[in-house]
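# A closer look at the structure
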Amino acid sequence: MIHQLQPYIYREYFAMSPKSNYNSGDSLSGSKNPASIAVTSPQQLVKTQVSFEEDLKNFTDGTVPQSLVIATVIGVVCGIAANIYYKILFSALNFIWHDVPTKYIEGHLPGFICILWIPVIGYCMALLSGLTVKYMGEPGDLAYTIKCVHEKGYISMDHVLPMVCASQFGILGGGSLGPEAPLVAICAALGGFVSRVIFKRTDRNIIRKHTLMGMAGALAAFFGCPLGGSLFALEVNSRFGVEYFEHMVESILCGEITLSVFRSLAGLPIAPIWTISSTKLLGATPTEVMMGACIGLIGAGLAAVFKKFHMIIMDKLKQRDLLNESNAPKRALFGATVVVILGMLIPQTMFWGEFEFQTISTMSPTNTLEHIWPKRGALGFQMNNGFECLIVAFGKLIAISCSVAGGYRGGFIFPFFASGAAFGRAFCTVFPSIPVSLSCLSFAAAINVGITRTCLATPIILCFLAGEPNAMSGILAASLASLVATTYMPFINTQQPREDMQVCIFPDISSSSNSSCVPQPSTVNDFTDEEKSLL
């Protein structure tokens, strides 16, 4: 029987459309052995060609040549797009927070007047962000991107320009959300566009693969870590691991290409960006792994507290009808009020945390902060002890929640990392025997995993960014502990199991009426005629 199946491979996947004949007990031998690998009936398999040249000539869906060509095109397009976004953002950041205040304000006005620069910029940018949403249209967010991946397989290009404008205004205003989620949405839309418009693909799963390629490319380029970034883009769609497993290799390939293009154009190195301790971890011990697991449970608790707090804020806004798109400017001004007050009192809470992480994790003075001006803040707050570390940690969580609640568009991966670093430093004041790098990175991983459900990608990204490969065991333990502890606490509600899988280890816990993963009749791989007319 085995030799009879050799001419066939899975063109696209193990999980078929609902109309296929699939029996979970079928095996390669034809026996009803639960331990065997289930396969489709032969008519669901596609015959392979005998050579690379023939597959390239036919350009058949799912073949290696097709994936290689499209991954290259998507990688180049997304790399160029990410570079344009990056150049605009950092040029504006430098102009608003460095050039203007240092040239025209510093030394010309008293210090108590200079501090007003924070609310002036914060409110102006928040208002522009809200007006963008009101008049340019809804940009979407990470939850919407995930929803589109599951339901349509692509994100409409109509969301790209509003996302660019809304996210940049929010980031420039000092909001605690970063460029990662906007880049994911933009590159996901570009990946789907390349697939549907340039290569004329019409199969939903093929287009979904190319959309995931774009998402993977965005995060690989942004983090500078192709494996971790690509895995994050795949993991974040579900609540318990990578479910779009058949797209993993092509997505990582696209991530490598996007990374190379973006980093080359931007002139950025592919290297760690943080130095938490002058002494790197030389290895890991079982004790450190257990420490990481314990920190993971604490981080899971902090993620649960964050979710509860955020839901309270969102309910209050809903009661006041501020979640309506027409009230986006008012909603943004609410978020700006919290962000600028925290920024004036606790400067470490401003911006998305990628550069602030270094200052927080080393408890350095605020004059080392990258963007904010004036750097000292209104009260001259510094991180000198464990209590002040906790103030920064909780202040950052509040800033993240109010940035999201205020309708700012951006990602909360780096912001949670920054908050975790502050918790890690506070933890080390109580347990000084724990390595600082392990404590900071484990808390960062635990909180982020509790919210995003990305237990595999997060440790890889953190170890790379910090240049601490030997911390992997402890950070992974923290991630896994947090993932398990927060299993029944989903934060991103659009994360869901795949409906095209008959066997799923993680049913949709948010829906009591449909807790199984049995394929639903509405889920098909091919687009309807009406959908095809819109491609």
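Residues numbered from 1 in each chain as written. Predicted model: local features only at pLDDT ≥ 70, side-chain atom pairs only at ≥ 80, totals over all residues. Heavy atoms only, no water.

So, about the packing of helix α9 (residues 204–223) against helix α10 (residues 226–235). The description of two helices packed together rests on the angle between their axes and the distance between the axes. Where α9 meets α10, the axes come as close as 7 Å, and the angle between the chain directions of the two elements is 140°. Our classification of the angle between α9 and α10 gives oblique. Here the hand of the crossing between α9 and α10 comes out right-handed. Across the interface between the two elements, Leu212, Met215, Ala216, Leu219, Ala220 and Phe223 from α9 touch Pro226, Gly229, Ser230, Phe232, Ala233 and Leu234 from α10. Taken together, the residues of the contact of α9 with α10 break down into 10 nonpolar, 2 polar and no charged. (Axes fitted to C-alpha atoms, helices over the stretch in contact; angles between N-to-C directions. Helix = DSSP H or I, 4+ residues; strand = E, 2+ residues; numbered from the N terminus. Parallel < 35°, antiparallel > 145°, perpendicular 65-115°, else oblique. Left-handed = near helix turned anticlockwise from the far one by under 90°. Contact = heavy atoms within 4.5 Å. Nonpolar A, V, L, I, M, F, W, Y, C, P; charged D, E, K, R; others polar.)

Topologically, Ser195 is positioned in helix α8 (residues 180–198). Look at Ser195 and you get buried, because its relative accessible area is 0%. Those residues in contact with Ser195 that sit more than four places away from it in its chain are Lys200, Arg201, Ile206, Ile207 and His210. (Buried < 20%, exposed > 50% of the residue type's maximum accessible area, 1.4 Å probe, protein only.)

A word on the environment of Gly130. Residue position: Gly130 is located in helix α5 (residues 117–136). Spatially, the C-alpha atoms of Gly130 and Gly170 are 9.1 Å apart, while their sequence positions differ by 40 residues. When neighbours within four sequence positions are excluded, Gly130 is seen to be in contact with Ala328, Pro329 and Ala332.

Before going further, it helps to spend a moment on the confidence of the model for the protein. It should be kept in mind that the predicted coordinates are not to be read in detail where pLDDT is low. Scored by pLDDT, the protein comes out at a mean of 86, with 84% of its residues at no less than 70. The model gives residues 1–45 a pLDDT under 50, and that stretch makes 73 contacts with residues more than four places away or in other chains. This stretch, residues 509–524, has a pLDDT under 50; its non-local contacts, to residues over four places away or in other chains, come to 31 contacts. (pLDDT = per-residue confidence, 0-100.)

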